[in-house]
Amino acid sequence: MEFLDPSIRSNGFIYAKIFGGFEKIRNSIADLVAIARMLNATLVIPEIQETLRSKGISSSYTSFSYLYNEEQFLAALKNDVIIVKTLPSKLKEARKQKQFPTFKPSRSASSSYYIDEVLPALKEAKAVGLVISDGGCLQATLSPSLAEYQRLRCRVAYHGLRFREEILALGHEVVKRLRASGQPYLAYHPGLVRDTLAYHGCAELFQDVHSELIQYKREQLIKQRIIREELSVDSHLRKINGSCPLMPEESLLGEVALRDNLCLLIERSSLTAGRNLFSEQNLCSSPIEHELSLIAYYIASITSQPLQQHIFFQPVGLLLRAMGYPPQTRIYLAGSEIFGGQRVLIPLRAMYTNLVDQTSLCTKQELLSLWGPENLLADDAVEPLPSKNAKQLKEEWDQAGPRPRPLPPPPGRPFYHHEKEGWYGWIAEKDVEPEPSSMDLRRKTHRLLWSALDYIVSVEADAFFPGFHNDGSGWPDFSSLVMGHRLYEMASLRTYRPDRKYLAEMFNSSSDNLYHPKRSWILSVREHLNKSVGEEGLLRELRSSKPTALLSHPVPECSCQTSNSDVVLASVYGNVVECPSWMEKGISLQDPISGQNDSQEDELELDRQLEPDEDGSTQTKPSIEVDEEMDPDD
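Residues numbered from 1 in each chain as written. Predicted model: local features only at pLDDT ≥ 70, side-chain atom pairs only at ≥ 80, totals over all residues. Heavy atoms only, no water.

Draft legend 1. View of the packing of helix α7 (residues 165-178) against helix α20 (residues 438-460). The interhelical angle for the contact between α7 and α20, taken along N-to-C directions, is 45°, at an axis separation of 9 Å. With respect to α20, the axis of α7 lies oblique. The element α7 and its partner α20 pack so that their crossing is right-handed. Contacts from I167, L168, L170, G171, H172, V174, V175 and L178 in α7 reach L449, A452, L453, I456, V457 and E460 in α20. Of the residues in the contact of α7 with α20, the class split is 11 nonpolar, two polar and one charged. (Axes fitted to C-alpha atoms, helices over the stretch in contact; angles between N-to-C directions. Helix = DSSP H or I, 4+ residues; strand = E, 2+ residues; numbered from the N terminus. Parallel < 35°, antiparallel > 145°, perpendicular 65-115°, else oblique. Left-handed = near helix turned anticlockwise from the far one by under 90°. Contact = heavy atoms within 4.5 Å. Nonpolar A, V, L, I, M, F, W, Y, C, P; charged D, E, K, R; others polar.)

Draft legend 2. Highlighting the sheet that holds strand β7 (residues 185-189). The five strands are arranged β11-β10-β7-β12-β13 in an open sheet whose pairing can be described as parallel. Across the chains shown, the open sheet's two edge strands, defined by having one partner strand only, are β11 (355-356) and β13 (494-495). In the sheet, β7 pairs with strand β12 (residues 463-466) via four bridges, with the strands oriented parallel. Across the sheet, A187 pairs through a bridge with F464, a residue of β12. Docked against the sheet, helix α14 (residues 315-322) engages β7, β10 (330-333) and β12, running at close to 145° with respect to β12. (Pairing = 2+ DSSP bridges.)

Draft legend 3. Structural context of the state of the cysteines. Tallied over the full model, the rule gives two disulfides. One disulfide bridge connects C154 with C558, the sulfur atoms lying 1.8 Å from each other. Judged by the torsion about the S-S bond (75°), the C154/C558 disulfide is right-handed. With C154 in helix α6 (residues 147-160) and C558 in the loop between α24 (535-544) and α25 (568-573), this residue pair connects regions lying 404 residues apart in the sequence. We note that C154, like C558, is buried. (Disulfide = S-S within 2.5 Å. Buried < 20%, exposed > 50% of the residue type's maximum accessible area, 1.4 Å probe, protein only.)

Draft legend 4. A look at the packing of aromatic side chains. For the structure on display, the rule yields 18 aromatic pairs. Relative to F163, the ring of F22 has its centre 6.0 Å away and its plane inclined at 25°; by these criteria the two rings are stacked. Taken as a pair, F22 in helix α1 (residues 22-38) and F163 in the loop between α6 and α7 lie far apart in primary sequence, 141 residues in all. By relative accessible area, which is 2% here, F22 ends up buried. Judged by its relative accessible area of 4%, F163 falls in the buried class. A centroid spacing of 5.3 Å and a plane angle of 65° characterise the contact between Y199 and W475, whose relative ring orientation is edge-to-face. Here Y199, found in helix α8 (residues 194-200), pairs with W475, found in the loop between β12 and α21 (478-489); they are 276 residues apart in sequence, far enough to count as distant. Accessibility classification places Y199 together with W475 in one group, the buried group. Clustering of aromatic rings is evident, with ring pairs tying together F22, F64, Y68, F73, F163, Y455 and F478. (Phe/Tyr/Trp six-rings, centres within 6.5 Å; stacked < 30°, edge-to-face > 60°.)

The quantities given are spatial measurements derived from coordinates; they are silent on function.
In structure tokens form, the structure reads like this:
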């Protein structure tokens, strides 16, 4: 199939509705543009249903423009596909009357599906609609003859989909504040999402209401034939197999056991920076006990119960400690939805007190400014309790009878709206999850903005650690998209790609030796995580992530070799195509808002920064690998 320039005379219009959260929206748009180009069709800017379903949001940002810059989207892809903002007026009326065929493709739909089924309908009706609810509408792997369409998907994701200016400005400001102290920071995404946890059967890793919510969602997925398994499965076996996330919170261990465990790990390791840091403070008595007191304080503040004999074992925190990250490390917590709430993060906050998120780095006014002016919802107003005057209170007192007396049973008073509010409040009263309220829909819309901020900060981070990526469900996940973007921008960025199954085996192997862990344990963990950053991790992701999502590993399809490129691409992926001549000098993408191009001086300065020195190094900003505070190989 040839990839020709977009024809002025197209076969018709394609309009689409995209359902789902941030990850599904981003992946679906990239697929949609490639399909429009494949069918030589004019694409109407897709409608993001997560924003259209919400009532009363700002009229300044609707649908696509709520997240992304429309003008940038049109300008960046003008040479690839014809894109318009709306359908012509005549076709609008026909669409309202449902005169055009509508297709609901799966995320693994092949190119032949669109050529054989969608294209004939498009030519006949001059317009077709697509309903995308599966996180994509085109299979991740295409034949070599369609390689240019793979590159087009990357151009869409990494150049066409630019967040609107307000989101970009605040995201870059958050990055600036994280680096204000002159130290790098690590971004961590737990990946605790209800749908994914239900898909893999991870309910037993949680407690109380959260387990019930996961099981209810899993039952719905079974009814929809998305899952073809039993409702109840052994979550701990799933975790051992790597099918469940690296939990920030894990099983309970004795206080002395964990203290001795961590002390031995530090004393037997080669982490000189860690030993020096702790020896200055008389380790094994002060810092660890300080951490234990913090954990006890945090848990006691939530559970209202003192915690003296047990603490939580923290795998993610121990992994970071094994890599040499000191307790003062700044960790940015990404993820607009953390299933289980802040309780599951208590152990990590105790081990790394500089754990921050967008709410701690942005003022309330800055976050509210992203929404724009919104209308007050009817169910958002809390009805005050009826007030009583002094006379009514005196009458009730006189009629109450003699005292003391047994307390009567509580009256069956009505529940007020603010008492039922919450995404889990229904499970104590009903067996069926109710339809989301207007406020719930608005919160889902706001989560798109929070995810966009987290995406910017995670891509720019000096190091990124995923809690749950490439889960095997086929749905696009936040961590995989971030990892793919970081790989596309600069393969040398420190992006951890841990093998959850291997790490689960490592933790199980040390469970019987908690008081006296083997010397090789911490060295094995460090070796695995260090290799996950390099070629071994890239090859593993190539085998596991590539078949399900192109944007999770866009190399080598979306990469090319320049004269100044490293040989790492060729060594890992074999033959890599050469970049066109214009890329040797660099390219500056025009900003459609300001309409101003970078000056020639800026371009020359950029070239000077990217030119290798005599020793082959570059003049770019030092990475995390050479920082004294966060050097894993220190």
